[in-house]
Amino acid sequence: MATHYDGRLLAGVTVLMAVVEAGSITRAAEALSLTPSGVGRAVQRLETRIGVRLLDRTTRSLRLTDEGRRFWERVGPLIDGISQAAVEAAGSAERVRGRLRVNVDPFVSRLVLADRLSGFLSTYRELRLELVMRDHVGDLVADGFDMALRFGDPPVGSFTVRKLLDTRILTVASPAYLAEHGRPGHPSNLRNHECIDYRDPTTGRPFAWEFRRGPELVPVAVPSRLMVSDVDAMLRACVAGLGIAQVMALGSAGLRRSGELEVLLPDWPDERFPLHAIYPTSRHRTAKVRAFTEFCVALLAEHAGQG
């Protein structure tokens with residue numbers, strides 16, 4: 001059905017947005033300074049205009065229909081964009097406030113950010129932070145993200161990228177494993193050891209084992225009976241003596257200081273893995289994005305100094 005734009009369509013979408021976020025027509029009416037019946041009629045007019053039912057409403061519950069959810073997934077980011085444009089046009093681009101939605105690598109969220117977020121949110125009390133753990137960047141604009149934090153090579157596409165950190169890749173094992181199997185003296189010796197692979201979320205295959213020393217590069221095809229997709233699981237398996245693993249210096253310093261993991265092949269120190277902040281190219285860097293980026297930079301520098 002051909003639908004021509006007018007202000008009533010946008011008004012209806014705005015009311016629908018309030019209902020979805022509030023979880024009820026009554027709370028949405030309070031937020032919009034309308035009556036519940038006025039909110040209900042606005043949603044019904046929107047449904048009539050686009051020709052589908054958007055909400056299933058009963059006396060006790062309210063939820064989006066399948067059509068409503070698809071509609072919401074398309075228009076939600078657009079409404080957020082309009083709100084962001086209004087904030088910037090009002091001269092608030094330098095004020096850290098509103099919603100900040102970050103697509104973040106699960107490892108960064110759990111082992112680096114989680115313990116320090118309270119201080120960040122205490123500093124910026126008008127900010128609402130959403131950390132969404134994902135293994136891929138995807139379409140930041142369509143998915144409603146302000147930025148992403150991602151390890152590895154930046155994705156190809158219309159992004160602006162800032163490198164935040166290069167962390168060393170360390171080859172480690174537990175004292176118990178080394179006592180039973182011995183310590184490899186050269187990367188090629190790993191072919192005679194049990195190794196723990198880590199799954200590359202982009203390809204679905206294990207990350208390649210590579211060793212660098214200046215210009216010298218030695219790839220090694222290691223034997224492995226265990227592959228994991230979670231860094232914490234890999235660290236725990238390695239501490240338990242299940243094999244040798246390659247881990248990032250970032251996030252593993254505590255296990256190394258405690259002696260639960262020992263670094264192997266220290267004379268091959270030059271394999272590194274980058275962490276990038278990724279932004280939608282078309283978006284102006286708002287104050288909230290800049291503030292969170294600098295918070296991450298300072299926190300990562302602190303972790304790097306510990307490891």
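Residues numbered from 1 in each chain as written. Predicted model: local features only at pLDDT ≥ 70, side-chain atom pairs only at ≥ 80, totals over all residues. Heavy atoms only, no water.

Draft legend 1. The arrangement of the side chain of histidine 276 in detail. Relative to the assigned elements, histidine 276 resides in strand E13 (residues 272-280). Take histidine 276: its relative accessible area is 7%, and that puts it in the buried class. One polar contact links the side chain of histidine 276 to the main-chain carbonyl oxygen of glycine 152, over a distance of 3.0 Å. If we ignore the near neighbours within four places in the chain, the residues touching histidine 276 are Ala148, Leu149, Arg150, Gly152, Pro154, Val161, Arg162, Lys163 and Leu164. (Helix = DSSP H or I, 4+ residues; strand = E, 2+ residues; numbered from the N terminus. Buried < 20%, exposed > 50% of the residue type's maximum accessible area, 1.4 Å probe, protein only. Polar contact = N/O pair within 3.5 Å; in protein donor to acceptor, adjacent residues only side chain to side chain. Contact = heavy atoms within 4.5 Å.)

Draft legend 2. Structural view of the packing of aromatic side chains. For the structure shown, the criterion picks out eight aromatic pairs. Here the aromatic rings of phenylalanine 151 and phenylalanine 273 are separated by 5.9 Å at their centres, their planes lie at 10 degrees, and the arrangement is stacked. Taken as a pair, phenylalanine 151 in strand E5 (residues 147-151) and phenylalanine 273 in strand E13 lie far apart in primary sequence, 122 residues in all. Residue classification places phenylalanine 151 among the buried residues on the basis of a relative accessible area of 11%. Looking at phenylalanine 273, the relative accessible area reads 22%, which means it is partly exposed. Through successive ring pairs, a cluster of aromatic residues spans Phe107, Phe151, Tyr198, Phe207 and Phe273. Between arginine 101 and the ring centre of phenylalanine 145, over which it is positioned, the NZ or CZ distance is 4.4 Å. Here the guanidinium or amino end of arginine 213 rests over the ring plane of tryptophan 268, the centre of that ring lying 3.9 Å away. (Phe/Tyr/Trp six-rings, centres within 6.5 Å; stacked < 30°, edge-to-face > 60°. Lys NZ or Arg CZ within 6 Å of the ring centre and 35° of its normal.)

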